[in-house]
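# Structure assessment
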Amino acid sequence: PTRPYLSAASKVLIACRQQFKCSDPFNTCPCYKLGDGTFHEDLGIFEIDHIQPIHMGGVNHNNTRAVCVSCHAKLTRKMVLERGEREESESEEGEE
């Protein structure tokens with residue numbers, strides 16, 4: 001599936017819905033370590049994350065959250081690792 005377009009205004013509304021605070025998916029967000037979780041320009045403001053990955057059908061706008069740059073990087077690494085493990089186990093099953 002293709003990534004849905006999100007306008008700058010839509011991204012701001014998503015962050016506003018969270019009171020401009022990181023959703024802190026791992027409870028390790030630097031925004032909370034340095035303050036009350038509010039996005040900060042020194043930490044890269046915020047990015048929009050799809051809660052359910054797009055490749056798994058998470059394409060609608062209700063499937064989004066605002067996260068800081070650090071948390072988004074962690075989420076992306078985790079997703080890439082899980083996807084690689086899943087593809088590896090599927091290829092092993094196909095060899096049997």
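Here, the structure is the one placed above.
These notes cover the structure that comes with them. None of the values given here were measured: they were computed from a predicted structure. (Residues numbered from 1 in each chain as written. Predicted model: local features only at pLDDT ≥ 70, side-chain atom pairs only at ≥ 80, totals over all residues. Heavy atoms only, no water.)

### Describing the packing of aromatic side chains
Threshold: In this analysis, rings of Phe, Tyr and Trp, with Trp reduced to its six-membered ring, are considered paired at centre separations within 6.5 Å, and the interplanar angle assigns stacked below 30 degrees, edge-to-face beyond 60, and tilted for intermediate values. We call a residue buried when its accessible area falls under 20% of the maximum for its residue type, exposed when it is over 50%, and partly exposed in between, using a 1.4 Å probe and counting protein chains only.
In this structure the tally under the stated criterion is one aromatic pair. Judged by centre distance (5.1 Å) and plane angle (35 degrees), the ring pair of F39 and F46 falls under tilted. Its relative accessible area of 11% is what places F39 among the buried residues.

### Things to note about the nonpolar core
The condition that has to hold: For the purposes of this section, nonpolar cores are sets of buried Ala, Val, Leu, Ile, Met, Phe, Trp, Tyr and Cys residues that join through side-chain atoms within 4.5 Å. In this text, helices come from DSSP runs of H or I with a minimum length of four residues, and strands from runs of E with a minimum of two, each type numbered from the N-terminal end.
Counting 14 residues, the largest nonpolar core has C22, F39, A66 and C68 as the members making the most contacts within it. Only α1 (8-17), β2 (64-67) and α3 (69-95) provide two or more residues apiece to this core.

### Some points on the state of the cysteines
Test applied: Throughout, disulfides are identified as pairs of cysteine sulfur atoms within 2.5 Å of each other.
A complete count under the given rule lists zero disulfides for this structure. A disulfide-free cysteine, C16 has its sulfur positioned 16 Å from the sulfur of C22, the nearest such atom. For C16, a relative accessible area of 42% puts it in the partly exposed group. Not part of a disulfide, C71 finds its nearest cysteine sulfur in C68, a span of 3.6 Å.

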